[in-house]
Amino acid sequence: MTTILGIETSCDDTAAAVVSAGRVARSNVVSSQLDLHAQFGGVFPEVASRAHAESISAVVNRAMDEADLCYDQLDAIAVTQGPGLIGSLLVGINFAKGLALATGKPLLGINHLEGHVYSLLLEPADPDIDFPVIVLIVSGGHSELLLMTGHGQYRRLGGTIDDAAGEAFDKVGRTLGLPFPGGPAIERVAQEGDATAYRFPIAQTDSPYDFSFSGLKTAVLREVTVQPSSHGQRKRRRGAEKRAQLRGDIDIADVAAAFQDALTEALTRATIRAARQFHPSEILLAGGVSANQTLRHKMRAESGLPVRYPPLALCTDNAAMIAAAAHYRFLAGHRSGLDFEARSSWRLSEDVYAE
Ligand code: KG4
Ligand code: ZN
């Protein structure tokens, strides 16, 4: 049985976890920087990397303490190699390299998106998957639709051609004056709203498996903000998203519900088109936006297939998912040298770990 320490610092959470057999989280520590970034209404890269540097050591120590293990008992150390913010990734990577050097343990650089996929195999989930499956990864930085044909085997079918799903939630949340991150805030407010009160567009894309959210975001912005009437006013409103004035007569709950409905419908339609083509045994949802109940319900109701999603705590970034993904890579013989580099963008595809 493998026991792996995972470290994750790709965005705004400093996380470390110890996972056995790719599915039993013996510890799972997440130190969130949310309070730090909420004041900016988004993640501020400089602030994020500095906060990671300040907390990484304590977070890893706590993960080891809670697992009640010493470094000798680990089989490997895994760390998120990308995609993500370079300055943030480097903090975790350098820390993991130092640990690997000091302990002599093998080191594995792991793709963050693969981590999200493997969050689905952590306890209490059933670790057996009947491949192929369709995987939809929807987070703050990524929206990817994949065909997974085996462990570590992916074929990218499509994804967003502009904003990530979570990014669209965050931007619309900001427009509506809701707290950051926008996703959970919009979902909460939408519970009181009527999704049919507004009709927002679902964009057509060239590929049936791609989606686009920038038109939807703009449609919401137009609907809910006071539109500048003169050229002078328009100029002053440049970059208006942050400062646009909300119209007095709109119902924020209705707008939130209609926006959430349109966005999740776009994701569901593309996923179902892929399912019709590739006949998966089930649909797997992962990433921060997979916490969204409307998305989960729609996907189940409209696909007629079993739909898996992680428990709420494992939807957003964590290190248990990195250690879980590393387990399968470790068994397949994958190792990273001490000189591997952070990758700010890194798609999950057939040859994901090829140089
Ligand atoms: O996976 P994650 O923690 O970080 C990235 O890898 O990006 O995802 C964070 C994103 C944010 O954009 C947040 O607004 C969104 O996930 N999110 C949600 C919900 N919970 C988090 N979006 C919609 N509904 C939710 N309940
Ligand atoms: Zn993520």
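All figures in this text were calculated on a predicted structure; none of them were measured in a lab.

Undergrad: Hey, could you run me through the overall build of the protein chain in this one?
TA: Assigned secondary structure in the protein chain consists of twelve helices and ten strands. Against the 2.2 N^0.38 benchmark of 20 Å for 355 residues, the protein chain shows a C-alpha radius of gyration of 21 Å, consistent with a compact globule. Seen along its three principal axes, the alpha-carbon backbone of the protein chain occupies a region of about 65 × 45 × 35 Å. For the protein chain, with 355 residues in total, the buried portion stands at 55%. Of the contacts formed within the protein chain by residues at least 6 apart in sequence, a portion of 72% connects residues at least 24 apart. Accessible area of the protein chain: about 15,200 Å², with a carbon and sulfur share of 48%. On the protein chain, the mean spot of the 33 positive side-chain charges and the mean spot of the 41 negative ones are 7 Å from each other.

Undergrad: Is there a simple way to think about the site of ligand 1 in this case?
TA: In the vicinity of ligand 1 there are 20 residues, among which Gly 140, Asp 170, Gly 183, Glu 187 and Gly 288 approach most closely. In this structure, an oxygen atom belonging to ligand 1 sits 2.8 Å away from a main-chain N or O atom of Gly 140. At a separation of 2.7 Å, an oxygen atom of ligand 1 approaches a polar side-chain atom of Asp 170. Across the complex, the protein chains shield 90% of the 550 Å² of accessible surface that ligand 1 would expose by itself. Judged by the fraction of its atoms near the pocket grid, ligand 1 is located in the largest pocket. Of the residues contributing to the shell around ligand 1, the split by class is six nonpolar, eleven polar and three charged. Each of domain 1 (3–123 + 313–331) and domain 2 (133–309) accounts for three or more of the residues forming the shell around ligand 1.

Undergrad: What's the story with helix α2 (residues 45–67) in this structure? I'm lost.
TA: Because an α-helix completes one turn every 3.6 residues, residues spaced three or four positions apart along the sequence face the same direction. Taking 1.5 Å as the rise per residue, α2 with 23 residues should run 33 Å; its terminal C-alpha atoms sit 31 Å apart, in good agreement. Within α2, the axis deviates most sharply at Ser 55, by approximately 45°. Looking at the buried positions of α2, the neighbouring elements they touch are β1 (3–8), β2 (13–20), β3 (24–32), α1 (34–38) and α3 (86–103). After α2 finishes, the residue Asp 68 shows a positive phi value of roughly 60°.

Undergrad: Sorry if this is basic, but what is going on with the packing of α2 against α3 here?
TA: If you want to describe how two helices pack, look at the angle between their axes and the distance between the axes. Interaxial distance between α2 and α3 falls to 8 Å at its minimum, and their mutual angle equals 30°. By the criterion of interaxial angle, the relationship of α2 to α3 is roughly parallel. Between α2 and α3 lies a crossing whose hand is right-handed. Residue-level inspection shows Ala 48, Ser 49, His 52, Ala 53, Ile 56, Ser 57 and Val 60 of α2 in contact with α3, the latter providing Gly 87, Ser 88, Val 91, Gly 92, Phe 95 and Leu 99. Classifying every residue of the contact of α2 with α3 by side-chain character gives seven nonpolar, six polar and no charged.

Undergrad: Teacher, can you tell me more about the environment of Pro 181 here?
TA: Counting through the fold element by element, Pro 181 comes out in the loop between α5 (165–175) and α6 (182–190). Beyond its immediate stretch of four places on either side in the chain, Pro 181 contacts Leu 34 and Asp 170.

Cut-offs and rules
For every chain, the first residue of the written sequence is number 1, and numbering continues from 1 along that sequence. All chains are assigned letters beginning with A, and all ligands numbers beginning with 1, in the order in which they are written. Under the rules for a predicted model, residues below a pLDDT of 70 receive no local features and side-chain atom pairs below 80 are neither given nor counted, while totals for whole chains, interfaces and linings still include all residues. With hydrogens and water excluded, all non-hydrogen atoms of the structure serve as input to the side-chain values. Runs of E in the DSSP output that reach at least two residues are strands. Runs of H or I that reach at least four are helices, and both are numbered from the N terminus. All radius of gyration figures rest on C-alpha atoms, and the globule criterion is 2.2 Å times the number of residues raised to 0.38. Note on classification: 1.4 Å probe, protein chains only; a residue is buried when its accessible area is under 20% of the maximum for its type, exposed when over 50%, partly exposed between these limits. Residues are treated as being in contact if the distance between any of their heavy atoms lies within 4.5 Å. Accessible surface is estimated by sampling points in the Shrake-Rupley manner with a 1.4 Å probe; for residues, cover comes only from the protein chains shown. In this count, Lys and Arg are taken as positive residues and Asp and Glu as negative ones, while His and the chain termini are left out. For charged residues, the charge sits on one atom: NZ in Lys, CZ in Arg, CG in Asp, CD in Glu. Here a residue is considered near a molecule or strand provided that any single heavy atom belonging to it is located within 4 Å of it. Polar contacts, as used here, are pairs of N or O atoms within 3.5 Å; protein pairs need one atom able to donate a hydrogen and one able to accept it. Residues neighboring in sequence count only if both atoms are side-chain atoms. A 1.4 Å probe that fits into a set of points on a 1 Å grid over the protein atoms alone but cannot get out defines a cavity; an open set with protein on both sides within 12 Å along at least five of seven lines defines a pocket, and lining residues are those with an atom within 4 Å of a point. Put plainly, a molecule is in a cavity or pocket when over half of its atoms are within 2 Å of the grid points there. Amino acid classes used here: Ala, Val, Leu, Ile, Met, Phe, Trp, Tyr, Cys and Pro are nonpolar; Asp, Glu, Lys and Arg are charged; the rest, including Gly, are polar. The domain limits used here are those given by an automatic or database domain assignment. Here, expected helix span is obtained from the residue count minus one, scaled by 1.5 Å. Fitting axes to the seven residues ending at a residue and to the seven starting there, one defines the bend at that residue as the angle between these axes. The convention used is that axes are lines fitted to C-alpha atoms, helices contributing only their stretch in contact, and that angles between N-to-C directions extend from 0 to 180 degrees. Roughly parallel means an angle under 35 degrees; roughly antiparallel, over 145; roughly perpendicular, 65 to 115; everything else is oblique. Note on convention: near helix rotated counterclockwise from far helix by under a right angle means a left-handed crossing. Clockwise means right-handed.

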